[in-house]
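Listed below are the residues making up each chain.
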Amino acid sequence: NGFMEKAEDMSIRPIFTEMRGLHGGEWYAGTLDLFCLIYTGDLAIIDLKTGTPPRCSELQTAGYEEMLRYIVKIQKHPTFGEKDKIRRFTMQLFPNRAVMKEHTDPYDSVAFIAAVRLFKWVSERRKTI
């Protein structure tokens, strides 16, 4: 019910749901809950949470955005332009309502890619030590 209310309030129009993707440059994968249009045509990523969203939700949505941008670069007929803004949200679902939080920090993408690279760096060092 909470999702349906937000879908109506925000005029959510799905483009993809449960979209699996791969960022071939950074070599990570993920499943994006909802890529959609909202309000009057803004592109948006919405990550659905049934429990308390973790503190890293903004990084997760930034990772999805980076993955989408990578996919668009290699498509013959892209869904959106390279320069188009994508809004990022976490939607915490409750039985009869939903709480939205928008993630707007421009450094989220940089932090996410840094975390991916640090994870790989640590993993590789452990193999040689």
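Anything mentioned here points back to the structure above.
Here the residue index of a chain counts from 1 through its sequence in written order. Where totals are concerned, whole chains, interfaces and linings use all residues; where local detail is concerned, this predicted model gives features only for residues with pLDDT of at least 70, and gives and counts side-chain atom pairs only at 80 or more. Hydrogens and water are ignored here; the side-chain numbers use all heavy atoms of the structure.

Asker: Explain the nonpolar core here, please?
Answerer: Across soluble globular proteins, you tend to see nonpolar side chains buried next to one another. Side-chain atoms within 4.5 Å are what join buried Ala, Val, Leu, Ile, Met, Phe, Trp, Tyr and Cys residues into a set we call a nonpolar core. Using a 1.4 Å probe on the protein chains alone, a residue whose accessible area is under 20% of its type maximum counts as buried, one over 50% counts as exposed, and one in between counts as partly exposed. Within the largest apolar cluster, 17 residues are counted, with the highest numbers of intra-cluster contacts made by Leu32, Phe35, Ile45, Leu68 and Phe80. In DSSP terms, a helix is any run of H or I states spanning at least four residues, a strand is any run of E spanning at least two, and both are numbered starting from the N terminus. Here this core gets six residues from one element, more than from any other, and that element is helix 2 (residues 57–74). Two residues qualify as a contact provided that any one of their heavy atoms is within 4.5 Å of a heavy atom in the partner residue. Residues in contact with Ile45, not counting those within four places in the same chain, are Leu32, Leu34, Phe35, Thr61, Tyr64, Glu65, Leu68, Ile86, Arg87, Arg88 and Phe89.

Asker: Got a minute to help me understand the pairing of strand 3 (residues 42–49) in this structure?
Answerer: When a strand is regular, its side chains alternate between the sheet's two faces. The element strand 3 is largely enclosed, with a buried count of six among its eight residues. Linking strand 2 (residues 28–38) back to strand 3 in an antiparallel pair, the connection comprises three residues, with Tyr39 at a positive phi of about 50°. At least two DSSP bridges between two strands are needed for those strands to be called paired. Where strand 3 meets strand 4 (residues 86–93), seven bridges bridge the pair, whose relative direction is parallel. For Lys49, the partnering residue across the bridge sits in strand 4 and is Gln92. In the classification by handedness, the crossover that spans strand 3, the intervening helix 2 and the parallel strand 4 is right-handed. Orienting the strands away from the viewer, one traces the path from the first strand over the helix to the second; a clockwise path indicates a right-handed crossover.

Asker: Would you mind going over the sheet that holds strand 1 (residues 13–23) with me for this structure?
Answerer: What links the strands of a sheet is backbone hydrogen bonding, and the strands pair in either a parallel or an antiparallel sense. With mixed pairing, the five strands of this open sheet are ordered in space as 1-2-3-4-5. Here the strands that pair on one side only, and so sit at the sheet edges, are strand 1 and strand 5 (98–103). For this sheet, the mean inter-axis angle between neighbouring strands, taken without regard to orientation, is 35°. By the bridge criterion, nine bridges tie strand 1 to strand 2 in an arrangement that is antiparallel. Across the sheet, the residue bridging to Leu22 is Ala29, located in strand 2. Across the sheet, helix 1 (residues 2–9) lies against strand 2, strand 3, strand 4 and strand 5, angled at about 55° from strand 5, the strand it touches most. Axes, fitted as lines to C-alpha atoms, cover a helix only where it is in contact. Angles between the N-to-C directions of the axes lie from 0 to 180 degrees. Packed on one face of the sheet, helix 2 meets strand 1, strand 2, strand 3, strand 4 and strand 5 and runs near 85° to strand 1.

Asker: Got a minute to help me understand the pattern of salt bridges in this structure?
Answerer: Any carboxyl oxygen of Asp or Glu that lies within 4 Å of a side-chain nitrogen of Lys or Arg is treated as forming a salt bridge with it. On inspection of all chains with the given rule, the structure shows seven salt bridges. Arg117 serves as the salt-bridge partner of Glu26, at 2.5 Å between the closest nitrogen and oxygen. In this pair, Glu26 sits in the loop between strand 1 and strand 2 while Arg117 sits in helix 3 (residues 108–128), placing the two residues 91 residues apart along the sequence. Classification of Glu26 by relative accessible area gives buried; the value is 12%. Among the salt bridges present, the one from Arg88 reaches Asp108, with a minimum N-O distance of 2.9 Å. In this pair, Arg88 sits in strand 4 while Asp108 sits in helix 3, placing the two residues 20 residues apart along the sequence. Judged by its relative accessible area of 4%, Arg88 falls in the buried class. Overlapping salt bridges bring together Glu65, Arg69, Arg88 and Asp108 as one network.

Asker: Explain the packing of aromatic side chains here, please?
Answerer: Pairs were defined over the aromatic rings of Phe, Tyr and Trp, the Trp ring being its six-membered one, requiring ring centres within 6.5 Å. Orientation was assigned from the angle between planes: stacked under 30 degrees, edge-to-face over 60, tilted for the rest. Tallied over the entire structure, the rule returns three aromatic pairs. Seen from their ring centres, Phe16 and Phe35 are 6.3 Å apart, and the 15° between their planes marks the pair as stacked. Taken together, the residues span a long stretch of sequence, with Phe16 in strand 1 and Phe35 in strand 2 at a distance of 19 residues. Note on Phe16: relative accessible area 34%, which makes it partly exposed. Ring centres of Phe35 and Phe80 lie 5.6 Å apart, and the angle between their planes is 55°; this geometry places the pair in the tilted category. Within this pair, whereas Phe35 is found in strand 2, its partner Phe80 is found in the loop between helix 2 and strand 4, the two being separated by 45 residues in sequence. You'll find Phe35 and Phe80 in the same group, each marked buried. These aromatic residues form a ring-pair network of at least three members: Phe16, Phe35 and Phe80.

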